[in-house]
Structures are given as structure tokens and as C-alpha cells.
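Observations on chain architecture
Listed below are the residues making up each chain.
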Amino acid sequence: MLPGNGIIYTLTVHDADRVADWLRSKGLNVESYTSETGERREILEKALLENKVKALVSTTALGMGFDKPDLGFVIHYQAPGSVIAYYQQVGRAGRALDKAYGVLLSGEEETDITDYFIENAFPTREEVQLVLDALNAAPKGLSIPELLGRVNLNFKRTGKTIELLSLETPAPIVKQGSKWQLTPVVLTEKFWQRAGRLTVLRYQEQQQMQEYVNLTSGHMEFLISALDGDPANVKPPTLPALPTTTDPILVQEAVAFLRRTSLAVEPRKQWPAGGLPHMQLLGRIQPEYQFQQGKALCIWGDAGWGQLVRKGKYEDHHFSDELVNACADLVRNWKPQPTPTWVTCIPSRRHPNLVLNLAQRLAVSLNLPFHAVLEKTDDRPQQKGMANSSQQARNVDGSLSIVVKSLPKGPVLLVDDMVDSRWTMTIAAWLLRSHGSSEVFPVALSYAGHDE
């Protein structure tokens, strides 16, 4: 174990929570610290300052304002996007100590994560035009919820577009009360040139960080040179080197840990702004028509079950027995109450047998009857192509129906391969409950991470 107390940096909130959970499962006193920590931030900062926790597993939320000069180590679970960010973070270790460890781990996923941050730092021309066209068609202006109902952009992308347009000088949009309106100003090409220069710079910084990751020696010299310093006076480290190999048993335990975790699928309680025109649903979803809290086995593509889900969906076009057994174990350990007495699934016209086969095999494993009671009435775009909640909900509106005269009695497990916006599950549950079903419990293999 590393001496002293420290910080473990991750690139995402999900990874910070997951790494903290894993370390706690191994008996280490650590806490997760992210943008979602909220009111506990000061408590956790004080705990680290007073050495009451071994480490905080943090995103960049633990920023420059935090000062603990006797940190014994800083670990990066993934490489950050630039040498500057890395130097600032690892430099927090050992400022009041003779010796401290800086540990950099690197994995394939970090490039995908930093690419995502770079690619989403600025809106695209198409996104800007969608917002400007929507505002142009609404002389009295639009609030953000109203705008989301008119453009196929998610909340974050819409917010980023509005923010950057409003910060231009002069600005092409302005806020009046709760609504955004167009001004006579035309967005110039300088906006796109500036965005392009910054995007290129960030890719260059990412490449430089990867060069550092691939070094076999001379790490401090590289950092000092990259930051325009003189590496001539750099002294070699005196601390003993840490192991660079992993314990195979510990790796197996980590994989098993990831495969034991699951995610809650929370019911939606409100129909989207403007409602569902086809089904004529608006406002609050009454509790008796909501689904109960459900479960997803993993995050899409993650290191636990996620890769196996991806392979089954897009390569094998068939989910493995291993995934079916894991899903059955999930239900058995979850023990939803009241206990489900039958199984059904979300139908698909694009892949009619994929989820159907999964649900049927899950039903056999759980010793429950399977009944195909839902039908997809027409083809719609995939939910992953719908960027915000309003668009996702209306994409499902009117696309499902009940095809039996009476439903089986008792609570039901509603199976799908992926949960994205939760609107498909929400509408399917409403149909089941409004046709006399008891409680509806969603079960999915993975959470696609597209939810808002």
C-alpha cells in the first residue's frame, strides 16, 4: 500500500464512483468526490486534510482551490487530456514532503473519453443552425424546454450552443426573461475559425499526453520541456519503483466485482413538455401507470458485462447464455416485490428475434411463463438517434400496442436489451398498466448512457 494519503483522479463521474466502490470492497477507506457530491464536498475535503480517509477518488471537481501540501500520492486512473492538466494534478503530491508517488495508469477507454470532451466542446454548424432556425420561427422567443421540443439536440448540447452564442460580441441571441430571442446580429466565420483552432490545439495536447504515456524513461524531463522549462537540473527519483505487473487473482476479483454491480432504472414521473400527441398524454404520470424501479445489468460497453452485450448485439446477433444467466442472477438477488409471475419484452421490427429470444430464455431460467403481449406498430428511428427527452418520447408515441384481449395476472418483468431514454419502457408500462397489468418491473442488459 502506498504511504500517506492522496488523490485518485478519474475522467468521469461514473468511474470515480466505481473505483471508490471497488477500493472500499478491498477494505480501503476512500470516498468518491465529483460534481454530484453536492453538500458533502466540504466534509470530504476536511476528511482528507485531517487524514481521516486514505484517498478521495475524484474528477477534476477537486480543483486548484484544494490545498494539502503533505499528499503522499496522486494516482491517475486514466491519463488526462493534456500535459498541463496532468502536471497541475500530479504536482499536488509531496509539496511538503521529501518524497511522494505519482502514478499514471492508462487504458484504451481514455482516448474515447477525451475525444468525446474535445468533440463536444463546441456546437457543430448544424446544431447552431437548428437553434437559430427554431428561434427565427418563434418571434416571441423560446425557453430551453420549448427549444428542446423543436430541435433534435440534447439538453447539454442545446445549453452549450446557447451559452456560446450568447457570449459572442455582439451576440446573435439574447435572453428576455425565461426566453431566448434572435438579435439582428449575424454569426460570423470568426466564430468557427476560433472553434477550429481550439479543437486542433486540444487534439495536439491529447497526442502529447499519449507520447508521455508511452515513455519508458525521462518522464520529468519530458514534462519540464513540454512546459517550456529547463530539464537540465532534473534529478532521478529516489523512491523504489512500483510494480508494473498485475496480480491475476486480483484482476479476476475486479472483473467479478464489475459483474456483480447493477444500475437502477428509475421510473419517469412526468410526460415531456407538450405531451404525447398521438396517445393524448400530458402532464404528470399517475403512480399506478408508472413502472416500478427496474434494473440494468451494466453500462453499455463497460469492462464488466458491457463488452459482451455489445458483441451479442452487433456481432453475434444473439446474447450469450452467460448474459442470460447473469440477468437471471440479477433478478434473483434483486427480489422485486411483489414477485413477478410472468415475463414479456419490448418488441422490435428491426431485430425481431434478438430481445424476444433473450426474454424467452430468461423466463425459462427464472421458471416463469413468457407472453408476447406488445407489438411494434410501425418503424421509427432508433432511440439513440433522438437527442433529447421530448424527441425520444415522441419517437415512441403511438408505436406500441397491446395485442392480446387480456393480460396474464400478476406483476411482470419487462425485458429489453438496452435502456436509453426510458421512454420506451415508460410507454410500454403505461400500456400494460392501463390494460389491467399488475406492477411492471423493467429489466435490461445495459444502460446506454444517453439518458438525461
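Not measured: the values here are computed from a predicted model.

1. Quick notes on the pairing of strand S10 (residues 342-345)
Along S10, one buried face is formed by Trp342 and Thr344 and the opposite face, lined by Val343 and Cys345, is buried too. Where S10 meets strand S13 (residues 412-419), four bridges bridge the pair, whose relative direction is parallel. When the bridges of S13 are listed, cysteine 345 appears paired with valine 415.

2. Comments concerning the confidence of the model for the protein
Taken over all residues, the pLDDT of the protein has a mean of 91, while the share at 70 or more is 98%. Of all the helices and strands in the protein, helix H14 (residues 389-396) carries the lowest mean pLDDT, 80, while S10 carries the highest, 98.

3. What to know about helix H5 (residues 125-136)
Over its twelve residues, H5 runs 16 Å from end to end, which matches the ideal 16 Å to within 8%, given 1.5 Å per residue. Here the buried face of H5 lies against helix H6 (144-148), helix H7 (155-167), strand S6 (173-176), strand S7 (179-182) and helix H8 (189-213).

4. Some thoughts on the sheet that holds strand S2 (residues 30-33)
As summarised here, the arrangement of the five strands in space is S2-S3-S1-S4-S5, forming an open sheet in which the pairing is parallel. Looking at strand neighbours, the two that pair on one side only are S2 and strand S5 (101-104), the edges of this open sheet. If you compare each strand with its neighbour and ignore which way they point, the axes differ by 15° on average. Its contacts with the sheet put helix H3 (residues 83-90) on strand S1 (6-9), strand S4 (73-76) and S5, and the angle it makes with S4 is roughly 150°.

5. Re the environment of leucine 432
In this structure, leucine 432 sits in helix H15 (residues 423-434). Judged by relative accessible area, leucine 432 falls into the buried class, the value being 0%. Spatially, the C-alpha atom of leucine 432 lies 26 Å from that of phenylalanine 319, the residues being 113 residues apart in sequence. Other than its neighbours up to four places away in sequence, leucine 432 contacts Trp342, Thr344, Val373, Ile402, Leu407, Val412, Leu414, Ser437 and Val440.

6. Describing the side chain of glutamate 127
Assignment of secondary structure puts glutamate 127 in helix H5. In this structure, glutamate 127 is in contact with Leu153, Arg157 and Thr161, ignoring residues within four places of it in sequence.

7. Digging into the sheet that holds strand S8 (residues 263-265)
Taken together, the five strands give an open sheet; going across it, the order is S8-S9-S14-S13-S10, and neighbouring strands pair in mixed fashion. Only two strands of the sheet have a single partner each, and these edge strands are S8 and S10. In this sheet, neighbouring strand axes are inclined to one another by 25° on average, regardless of whether the strands run parallel or antiparallel. Where strand S9 (residues 294-299) lies against strand S14 (residues 440-447), four bridges are found, and the strand directions are parallel. Counted as the bridge partner of alanine 296 is alanine 444 from S14.

8. Details of the packing of helix H4 (residues 109-119) against H8
Packing of H4 against H8 brings their axes to within 10 Å, and their N-to-C directions diverge by 165°. When the axis of H4 is compared with that of H8, the two are roughly antiparallel. Between H4 and H8 the crossing geometry is right-handed. Residues Glu110, Thr111, Thr114, Asp115, Ile118 and Glu119 of H4 lie in contact with H8, whose contacting residues are Thr199, Arg202, Tyr203, Gln206 and Gln210. Residues of the contact of H4 with H8, tallied by class, amount to two nonpolar, five polar and four charged.

9. Some words on the pattern of salt bridges
Tallied over the full model, the rule gives 17 salt bridges. The salt bridge partner of lysine 26 is glutamate 253, with a shortest N-O separation of 2.7 Å. With lysine 26 in the loop between helix H1 (13-25) and S2 and glutamate 253 in helix H10 (residues 248-260), the pair connects residues that are 227 residues apart, well separated along the chain. Here glutamate 127 makes a salt bridge to arginine 157, at a shortest N to O gap of 2.7 Å. You can see glutamate 127 sitting in helix H5 and its partner arginine 157 sitting in helix H7, a full 30 residues away along the chain. There is no split in this pair, since glutamate 127 and arginine 157 are both buried. A cluster of three or more residues bridged by salt bridges with shared partners is formed by Asp21, Arg24, Glu31 and Arg40.

10. Concerning the packing of aromatic side chains
Taken as a whole and judged by the stated rule, the model has nine aromatic pairs. Centre to centre, the rings of tyrosine 86 and tyrosine 212 are 5.2 Å apart; their planes meet at 50°, and the pair counts as tilted. Of the two residues, tyrosine 86 is situated in helix H3 and tyrosine 212 in helix H8; the sequence distance between them amounts to 126 residues. Residue tyrosine 86 shares its accessibility class with tyrosine 212, and that shared class is buried. Directly above the ring of tryptophan 305 sits arginine 259, whose terminal nitrogen or CZ lies 4.0 Å from the centroid. The lysine or arginine in question, lysine 313, covers the ring of tyrosine 314, its NZ or CZ lying 5.8 Å from the ring centre.

11. A few points about H15
Relative to the 16 Å expected for twelve residues at 1.5 Å per residue, H15 spans 16 Å between its end C-alpha atoms, a close match to the ideal helical length. Where H15 is concerned, the buried positions are Trp423, Thr424, Met425, Thr426, Ile427, Ala428, Ala429, Trp430, Leu431, Leu432 and Arg433. In the core, the buried residues of H15 are packed alongside S10, strand S11 (374-376), H14, strand S12 (400-402), S13 and S14. Just downstream of H15, glycine 436 is the residue with a positive phi angle, here 100°.

What counts, and at which threshold
Residues numbered from 1 in each chain as written. Predicted model: local features only at pLDDT ≥ 70, side-chain atom pairs only at ≥ 80, totals over all residues. Heavy atoms only, no water. Buried < 20%, exposed > 50% of the residue type's maximum accessible area, 1.4 Å probe, protein only. Helix = DSSP H or I, 4+ residues; strand = E, 2+ residues; numbered from the N terminus. Pairing = 2+ DSSP bridges. pLDDT = per-residue confidence, 0-100. Expected span 1.5 Å × (residues − 1). Contact = heavy atoms within 4.5 Å. Axes fitted to C-alpha atoms, helices over the stretch in contact; angles between N-to-C directions. Parallel < 35°, antiparallel > 145°, perpendicular 65-115°, else oblique. Left-handed = near helix turned anticlockwise from the far one by under 90°. Nonpolar A, V, L, I, M, F, W, Y, C, P; charged D, E, K, R; others polar. Salt bridge = Lys/Arg side-chain N within 4 Å of Asp/Glu carboxyl O. Phe/Tyr/Trp six-rings, centres within 6.5 Å; stacked < 30°, edge-to-face > 60°. Lys NZ or Arg CZ within 6 Å of the ring centre and 35° of its normal.

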